[in-house]
Amino acid sequence: MTDRIAVIGVGVMGETLVSTLLASGVEPSRVVAVEKRAERAAELRERHGIDVAALDDAVRGADLVLLVTKPQDVPGVLEQVGALVAPGAAVVSFAAGVRTATIEAAVADGVEVLRVMPNTPALVGQGVFGVSPGASCGPDRVAAVQRLLEPGGTVVVVDEDDQDALTAVSGSGPAYVFYLAEAMIAGGVEAGLDPATAHRLAVATIQGSAALLAGSDDEPAELRRRVTSPNGTTAAAIETFDSRGVRQAVAEGVRAAAARSAQLSGPGE
């Protein structure tokens, strides 16, 4: 059982994780956040009932430390508090591109390290969390972290070598969907709809289609075929997409995102 959880970085994603922890059943008294600004600290206390403390005080004695900082800030944080994380505790990094080996080198032997790639739909409890345990992390800790994250959405455990691909599909994926929505709205307006109606139709269609896909045992290609009557309106659209290479462009975009993730992660992954 996790006794005390320190959350380092309580921006949008950090606060989302606080809400996720509380939704998983963690008592607010067991969560301590790190926030220097007095006004923001007061807001966190009032909104969630959690404690707010200085970095050293938050980490000292914590059983679980969540690093929700920018990747470039991780080395400085670890330099300050890496030695304060007690053996038997765990560090979970949400910083993109930071390898578990990097964190393991900054903490004591016996500290378990995991890496997590979240995505922004976690803000509404519909996120994806890609969890990768480091060499020091046992299955019981992985299972415990899964349980803590599940109220925020889907939790998938992957090898760390697969984190770049996961980042390309789910970490960056919401932007692809938003990009599609932009295009659908623009096309609707050009076809004669007012912008508000086009927006409402596009959002509702994407939302409903995602629910249908999630609840079906059929592959996306089969669901698409059911909507696509020969020589019909949908067929005209799909033929246009195919002629413009949309499918290939999306696949290439995912591969480019994975390659960029590997570059940001540096060698060794």
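Right above here is the structure, for reference.
Being a predicted model, the structure only gives us computed values, none of them experimental. (Residues numbered from 1 in each chain as written. Predicted model: local features only at pLDDT ≥ 70, side-chain atom pairs only at ≥ 80, totals over all residues. Heavy atoms only, no water.)

Participant: Quick one: what's the story with the sheet that holds strand β3 (residues 51–53), residue by residue and with numbers?
Facilitator: Spatially, β3-β2-β1-β4-β5-β6-β7-β8 is the arrangement adopted by the 8 strands of the open sheet, whose pairing is mixed. Only two strands of the sheet have a single neighbouring strand rather than two, namely β3 and β8 (153–157). Strand-to-strand twist in this sheet, taken as the mean axis angle between neighbours without regard to direction, amounts to 25°. Looking at chain direction, strand β4 (residues 64–67) and strand β5 (residues 90–93) are connected through 4 bridges and run parallel. What sits directly across from L66, in β5, is V92. (Pairing = 2+ DSSP bridges. Helix = DSSP H or I, 4+ residues; strand = E, 2+ residues; numbered from the N terminus. Axes fitted to C-alpha atoms, helices over the stretch in contact; angles between N-to-C directions.)

Participant: Give a description of the packing of helix α7 (residues 163–171) against helix α8 (residues 173–190) that names residues and reports values.
Facilitator: The geometry of α7 relative to α8 is characterised by a closest axis approach of 5 Å and an angle of 30° between their N-to-C directions. As summarised for this structure, α7 and α8 are arranged roughly parallel, according to the angle between their axes. Side by side, α7 and α8 meet where A168, V169, S170 and G171 of the first sit next to G173, P174 and Y176 of the second. Here the contact of α7 with α8 is built from residues that sort into 4 nonpolar, 3 polar and no charged. (Parallel < 35°, antiparallel > 145°, perpendicular 65-115°, else oblique. Contact = heavy atoms within 4.5 Å. Nonpolar A, V, L, I, M, F, W, Y, C, P; charged D, E, K, R; others polar.)

Participant: So what's going on with a nonpolar patch on the surface? Residues and values would help.
Facilitator: A grouping of V12, L123 and V124 is seen on the molecular surface, where their side chains present a nonpolar patch of about 310 Å² in accessible area. Within the secondary structure, V12 sits in helix α1 (residues 12–23). Assessed through its relative accessible area of 60%, V12 is described here as exposed. (Patch = residues over 30% accessible without salt bridge, like charges linked within 9 Å, V, L, I, M, F, W, Y side chains within 5 Å. Areas by Shrake-Rupley, 256 points an atom, 1.4 Å probe, with all protein chains shown as cover. Salt bridge = Lys/Arg side-chain N within 4 Å of Asp/Glu carboxyl O. Buried < 20%, exposed > 50% of the residue type's maximum accessible area, 1.4 Å probe, protein only.)

Participant: Would you mind going over the pairing of strand β7 (residues 127–133) in detail, with residue names and values included?
Facilitator: Burial analysis of β7 places 5 of its 7 residues in the buried class, the great majority of the element. As paired strands, β7 and β8 are joined by 5 bridges and run parallel to one another. Residue pairing across strands places G130 opposite V156, the latter belonging to β8. As for the winding sense of the linkage, the β-α-β connection from β7 through helix α6 (residues 139–149) to β8 is right-handed. (Right-handed = clockwise from strand over helix to strand, strands pointing away.)

Participant: Give me the nonpolar core: which residues, what numbers.
Facilitator: In terms of nonpolar packing, the biggest core is built from 31 residues, with V7, L66, F94 and L149 touching the most fellow members. Setting aside residues up to four positions removed in sequence, L149 forms contacts with L17, T20, F94, V116, F129, V131 and V155. (Core = buried A, V, L, I, M, F, W, Y, C linked by side-chain atoms within 4.5 Å.)

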